[in-house]
Amino acid sequence: MRVYNFSAGPATMPLEVLERAQSELTDWHGSGMSVMEMSHRGKEFVGIAEQAEARMRSLLSVPDDYEVLFLQGGATGQFAAIPLNLTAPGDSAAYVNTGAWSTKAIAEAARFVRTQVLADESQSNYSSVPEEGSLHVPSDAAYLHYTLNETIGGVEFPYIPDSGAVPLVTDASSTILSRPIDVSRFGVIYAGAQKNLGPAGLVVVIVRKDLLGRARPETSTVLDWTAMAASGSMLNTPPTLSWYLVALVLEWIEQQGGVSEMARRNRAKADLLYGAIDDSDFYSNPVQPRARSWMNVPFLVPDPALEKEFVTQAAAAGLSGLSGHRSVGGMRASIYNAMPLEGVTALVAFMTDFEKQNG
Ligand code: PMP
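Attention in this report is confined to the structure presented alongside it.

### Here's the deal with the overall build of the protein
Scanning the protein from terminus to terminus reveals nine helices and 13 strands. Computed over C-alpha atoms, the radius of gyration of the protein comes to 21 Å, within 12% of the 21 Å expected from 2.2 N^0.38 for 359 residues, which places it in the range of a compact globule. When the backbone C-alpha atoms are referred to their principal axes, the protein occupies close to 60 × 55 × 30 Å. When each of the 359 residues of the protein is scored for burial, the buried share is 54%. Put simply, 67% of the contacts in the protein that link residues at least 6 apart link residues at least 24 apart. About 15000 Å² of surface is accessible on the protein, with carbon and sulfur atoms providing 51% of the total.

Written out as structure tokens, the structure reads:
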């Protein structure tokens, strides 16, 4: 029996994708072997990789002057790769701090570059994003980095910041492919795979080609976008099984109607869950409505002593992964692309019952 899995990542995958992978596991398309047994340089796997890139480009309407890379090291690896690829020693880079993942990105970048934090939402207890138009980006900044969706705090930018001529870099790990995005506004978009794209093991980096060729000489080759672009992201052995599963997820999104259909479903799920929280005096969500995430919905009960009870009873009802991040407590429902509306409906019904018994 499958449960509804609300984990923040690794996260639920579309059942159709898992079943397809299962049916192809021991003999992929008559090759007589599993994808995980194939050479990454053979024509079968190269075909899978090319298809994944083509689908990513078409789903996000990625312009031709961008490279799409499939790398390792997670989004955390990119926290270092960004300054190494885009700055020289002594440069400065601008950051916006909207929560735990911004904080980590800033700390890692500070090892390589002078970081300037243009806005710090710690004053709002990370419950919002800066007002649109309020960021003053210094013209000498090498780039402006922001976290499109804070997976732990459940804070998502409802707009794309204007960085003028300064390249805009975003961590889209927990929002990529959940709604349309104008890629042409960005210098770099990166996203770890284990939320909306597939299993852990890959990070997708979409980088404008004019930003290549600037990596510091000491940059590790596996973090060097230019070297990776030149080798089709196969400078060394890639995580072939993850890449194949991402290819299947991208095909699934296409079959469902693409990113605009994902957005329609995600908005409906988010409206249902936030509506239930707002309609109750028992549950609360700490995020300012305009910055509420469609993907990660943190919520609290009046008495923290009830949290454990909530999570345990929910798990017994087939609703798994609802604990908030260990750093903030409370509960959190991650409702990525692969979470069906029925899962959110079941969660809301459980929440109503729980409130009746404990409210
Ligand atoms: N950024 C965001 C927004 C995340 O949610 C995560 C992982 N939860 C990371 C970065 C770090 O990703 P990884 O573990 O793949 O390095």
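Let us keep going from here.
### What about the sheet that holds strand β3 (residues 92–97)?
Taken in spatial order, the seven strands of this open sheet run β2-β10-β9-β8-β5-β3-β4, and their pairing is mixed. Single-partner strands in this sheet number two, and they are β2 (66–71) and β4 (114–120). Going from strand to strand, the sheet's axes swing by 20 degrees on average, the running direction of each strand aside.

### Comments concerning helix α3 (residues 74–86)
Over its 13 residues, α3 extends 18 Å from the first C-alpha to the last, a length consistent with the 18 Å expected when each residue adds 1.5 Å. At Ala-80, α3 shows its strongest bend, of approximately 30 degrees, with the proline Pro-83 following within four residues. Most of α3 is tucked away, with eleven of its 13 residues classed as buried. All of the buried residues along α3 are Ala-75, Gly-77, Gln-78, Phe-79, Ala-80, Ala-81, Ile-82, Pro-83, Leu-84, Asn-85 and Leu-86.

### Some points on empty space enclosed by the protein
Counting across every chain of the model gives one cavity of 30 Å³ or more. Within this model, the largest cavity holds a volume of roughly 50 Å³. Among the residues forming the lining of the largest cavity, the class breakdown is seven nonpolar, four polar and one charged.

### Describing a nonpolar patch on the surface
Judged by side-chain polarity, Leu-25, Met-36 and Leu-241 come together as a nonpolar surface patch covering roughly 240 Å² of accessible area. Relative to the elements of secondary structure, Leu-25 occurs in the loop between α1 (15–23) and α2 (43–60).

### Notes on the nonpolar core
Formed by 59 residues in total, the largest nonpolar core has its most connected members in Leu-177, Leu-197 and Ile-206. Looking at which element gives the most residues to this core, the answer is helix α6 (residues 240–256), with ten residues. Among the nonpolar cores identified, the runner-up in size contains 31 residues, and Phe-299, Phe-310, Ile-335 and Val-344 belong to it.

### Examining the site of the ligand
Residues in contact with the ligand, as listed here, are Gly-74, Ala-75, Thr-76, Phe-79, Trp-101, Asn-149, Thr-151, Asp-171, Ser-173, Ser-174, Gln-194 and Lys-195. Within the side chain of Trp-101, one N or O atom sits 3.5 Å away from an oxygen atom of the ligand. Within the side chain of Thr-151, an N or O atom sits 2.4 Å from an oxygen atom of the ligand. The dominant element in the shell around the ligand, judged by the number of residues it contributes, is α3, at four residues. By residue class, the composition of the shell around the ligand is three nonpolar, seven polar and two charged.

### Things to note about the packing of α2 against α6
When two helices pack together, their arrangement is given by the angle between their axes and by how far apart the axes lie. Put simply, α2 and α6 touch, their axes get as near as 9 Å, and they point 40 degrees apart. Overall, the two elements α2 and α6 adopt an arrangement that is oblique. Between α2 and α6 lies a crossing of left-handed hand. Contacts between α2 and α6 pair Phe-45, Ile-48, Ala-49, Gln-51, Ala-52, Arg-55, Met-56, Ser-58 and Leu-59 from the former with Thr-240, Trp-243, Tyr-244, Ala-247, Leu-250, Glu-251, Ile-253 and Glu-254 from the latter. Grouping the amino acids of the contact of α2 with α6 by side-chain chemistry returns eleven nonpolar, three polar and three charged.

### Here we look at the packing of aromatic side chains
Applying the stated criterion across every chain, the model contains 15 aromatic pairs. With a centroid separation of 6.3 Å and an interplanar angle of 55 degrees, the aromatic rings of Phe-282 and Phe-354 are classed as tilted. In this pair, Phe-282 sits in the loop between α7 (258–279) and β11 (296–299) while Phe-354 sits in helix α9 (residues 341–358), placing the two residues 72 residues apart along the sequence. Classification of Phe-354 by relative accessible area gives buried; the value is 1%. On the numbers, 5.1 Å between centres and 75 degrees between planes, the contact of Phe-310 with Phe-354 is edge-to-face. Here the residue Phe-310 occupies a position in helix α8 (residues 307–316), and Phe-354 occupies one in helix α9, the gap between them amounting to 44 residues. With a relative accessible area of 0%, Phe-310 lands in the buried category.

### With respect to the environment of Val-62
Its place among the elements puts Val-62 in the loop between α2 and β2. For Val-62, a relative accessible area of 7% translates into the label buried.

### Things to note about the pairing of strand β10 (residues 203–208)
Counted residue by residue, β10 has five buried out of six residues, so it is predominantly covered. In the sheet, β2 pairs with β10 via six bridges, with the strands oriented antiparallel. For Tyr-66, the partnering residue across the bridge sits in β10 and is Arg-208. Where strand β9 (residues 188–192) lies against β10, five bridges are found, and the strand directions are antiparallel. The partner of Gly-192 across the bridge, within β10, is Val-203.

Conventions and cut-offs
- Residues numbered from 1 in each chain as written.
- Predicted model: local features only at pLDDT ≥ 70, side-chain atom pairs only at ≥ 80, totals over all residues.
- Heavy atoms only, no water.
- Helix = DSSP H or I, 4+ residues; strand = E, 2+ residues; numbered from the N terminus.
- Rg over C-alpha atoms; globule rule 2.2 N^0.38 Å.
- Buried < 20%, exposed > 50% of the residue type's maximum accessible area, 1.4 Å probe, protein only.
- Contact = heavy atoms within 4.5 Å.
- Areas by Shrake-Rupley, 256 points an atom, 1.4 Å probe, with all protein chains shown as cover.
- Pairing = 2+ DSSP bridges.
- Axes fitted to C-alpha atoms, helices over the stretch in contact; angles between N-to-C directions.
- Expected span 1.5 Å × (residues − 1).
- Bend = angle between axes of the 7 residues up to and from the residue.
- 1 Å grid on protein atoms, 1.4 Å probe; cavity = no way out; pocket = protein on both sides within 12 Å on 5 of 7 lines; lining within 4 Å.
- Points joined across faces, edges and corners; volume = space filled by probe spheres on them.
- Nonpolar A, V, L, I, M, F, W, Y, C, P; charged D, E, K, R; others polar.
- Patch = residues over 30% accessible without salt bridge, like charges linked within 9 Å, V, L, I, M, F, W, Y side chains within 5 Å.
- Salt bridge = Lys/Arg side-chain N within 4 Å of Asp/Glu carboxyl O.
- Core = buried A, V, L, I, M, F, W, Y, C linked by side-chain atoms within 4.5 Å.
- Near = heavy atom within 4 Å.
- Polar contact = N/O pair within 3.5 Å; in protein donor to acceptor, adjacent residues only side chain to side chain.
- Parallel < 35°, antiparallel > 145°, perpendicular 65-115°, else oblique.
- Left-handed = near helix turned anticlockwise from the far one by under 90°.
- Phe/Tyr/Trp six-rings, centres within 6.5 Å; stacked < 30°, edge-to-face > 60°.

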